[in-house]
Amino acid sequence: MLRKLMTAMALLGGLALAGTSVAAESGDHVRYAEGTHYKILDAQGNVAEPGKVEVREFFSYICPHCYAMEPLVDDWLENKPDNVNYVRTPVTFLRNGEPLARAYYVAEVLDMVDEVHKPIFDAIHKHREPLFTPTALADFFAKYGVDKDEFNQLYGSFGVSTKLRQADALARDYEIRGVPSFVVNGKYLVLREGLKSNEEMFDVIDYLVAKESKQ
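Each chain carries its own residue numbering, running from 1 in the direction its sequence is written. Whole-chain, interface and lining totals are the exception, using all residues; otherwise, since this is a predicted model, local features are given only for residues with pLDDT of at least 70 and side-chain atom pairs are given and counted only at 80 or more. With hydrogens and water excluded, all non-hydrogen atoms of the structure serve as input to the side-chain values.

To keep things clear, this is the line we draw: UniProt positions are given in the numbering used here, feature names are shortened, and annotations may be inferred rather than shown by experiment.
As annotated in an unreviewed UniProt entry, the chain carries the name Thiol:disulfide interchange protein and comes from Alloalcanivorax gelatiniphagus. What UniProt states about the chain under its Sequence similarities (unreviewed entry) heading is, verbatim, "Belongs to the thioredoxin family. DsbA subfamily." Check the Subcellular location (unreviewed entry) section of the UniProt entry for the chain; it says "Periplasm".

Structure, rendered in structure tokens:
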């Protein structure tokens, strides 16, 4: 009888330790939950740079929420893990979104996104400049040394139009309904409505980056 009691106690103890171990292993998984803070996309996409964990931001220069998010994006980029590739994708489904999306890809072709990204946001939201036509955008880029004819040629080019079509297709595949939106590694869409703040969004991104880094 005593032997049976000791065996039962040992089994219970083992189960308790196992439960503690499981809780410890999954403790940092409890904070962010699939379906509440992020969702697994039905149509998962390829990443731009295989071998790195991709964080893709869908945005529009016309979007005030994207503008307000920029300081947090900048802070996060300064401290992002080395294995992260950050990609921006402009959307066109907002009013005046397409001209600004084309402008982004013109800047990308000219390798001057870092130079004009924040100034475009500031021009629209701080200085109230209506950069919604090719003419207005050509004038803006001219301030940064871009010839207007070169801008106009790139603006309507096959290369920029192709990038725009690819961005639109990706936004549809990733079920992007509003901006800013973030997709991690072509697999996880961060659910903004389940978050308490913009800061928490980047906590979820960090969590998903760490999750993918273990794969």
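### Overview of the side chain of His117
Here is the rule we go by: Working definition: helices are DSSP H or I runs of at least four residues, strands are E runs of at least two. Numbering for both runs from the N terminus. Relative accessibility thresholds used throughout: buried, under 20% of the residue-type maximum; exposed, over 50%; partly exposed, between the two (1.4 Å probe, protein chains only). Throughout this description, a polar contact denotes any pair of N or O atoms lying within 3.5 Å of each other; where both atoms belong to protein, one of them has to be capable of donating a hydrogen while the other can accept it, and for residues adjacent in sequence the pair is counted only when both atoms sit in side chains. By definition in these notes, contact holds between two residues if any of their heavy atoms fall within 4.5 Å.
Mapping His117 onto the fold places it in helix α4 (residues 113-125). Its relative accessible area of 4% is what places His117 among the buried residues. Reaching out from His117, the side chain makes a polar contact with the side chain of Arg88 at a distance of 3.3 Å. Excluding its chain neighbours within four sequence positions, the residues that come into contact with His117 are Phe59, Tyr61, Glu70, Arg88 and Tyr104.

### Brief notes about the pattern of salt bridges
Charged atoms that come close allow side chains of opposite charge to pair. Put simply, the test is: Salt bridges are defined by distance alone: a side-chain nitrogen of Lys or Arg within 4 Å of a carboxyl oxygen of Asp or Glu.
Applying the stated criterion across every chain, the model contains 11 salt bridges. Across the pair Lys52 and Glu49 runs a salt bridge, and its minimum N-O distance is 3.9 Å. A salt bridge links Glu212 to Lys187; the nearest nitrogen and oxygen atoms lie 3.2 Å apart. Taken together, the residues span a long stretch of sequence, with Glu212 in helix α8 (residues 198-213) and Lys187 in the loop between β4 (181-184) and β5 (188-190) at a distance of 25 residues. For Lys187, a relative accessible area of 22% translates into the label partly exposed.

### Comments concerning the packing of helix α3 (residues 97-109) against α4
Worth spelling out the cut-off: To get an axis, fit a line to the C-alpha atoms, keeping to the stretch in contact for a helix; angles then go from 0 to 180 degrees between the N-to-C directions. Any angle that falls under 35 degrees is termed roughly parallel, while one over 145 is termed roughly antiparallel, one within 65 to 115 roughly perpendicular, and all others oblique. By convention, the crossing between two helices is left-handed when the near helix turns anticlockwise from the far helix through less than a right angle, and right-handed when the turn is clockwise. Residue type decides the class: Asp, Glu, Lys and Arg count as charged, Ala, Val, Leu, Ile, Met, Phe, Trp, Tyr, Cys and Pro as nonpolar, and the leftover types, Gly among them, as polar.
At a minimum axis distance of 9 Å, the contact between α3 and α4 shows a crossing angle of 155°. Taken together, α3 and α4 sit at an angle that is classed as roughly antiparallel. Crossing angle aside, the handedness with which α3 passes α4 is right-handed. Note on element contacts: α4 touches α3 through Val113, Val116, His117, Ile120 and Ile124, opposite Leu100, Tyr104, Ala107 and Glu108. Here the contact of α3 with α4 is built from residues that sort into 7 nonpolar, 1 polar and 1 charged.

### Quick notes on helix α7 (residues 158-173)
Definition in use: Helix span, expected: 1.5 Å multiplied by one less than the number of residues in the helix.
Relative to the 22 Å expected for 16 residues at 1.5 Å per residue, α7 spans 22 Å between its end C-alpha atoms, a close match to the ideal helical length. Among all positions of α7, only Val160, Ser161, Thr162, Leu164, Ala167, Leu170 and Ala171 are buried. Residues of α7 that are buried make contact with β2 (53-59), β3 (84-90), α3 and α6 (148-155). Positive phi appears at Glu175, one or two residues downstream of α7, with a value of about 60°.

### Quick word on α4
Helix length check: α4 (13 residues) gives 18 Å between terminal C-alpha atoms against 18 Å at 1.5 Å per residue, within 8%. What α4 keeps buried is the set Val113, Val116, His117, Ile120, Phe121, Asp122, Ala123, Ile124 and His125. Each element contacted by the buried residues of α4 is listed here: β2, α2 (64-79), β3, α3 and α5 (134-142).

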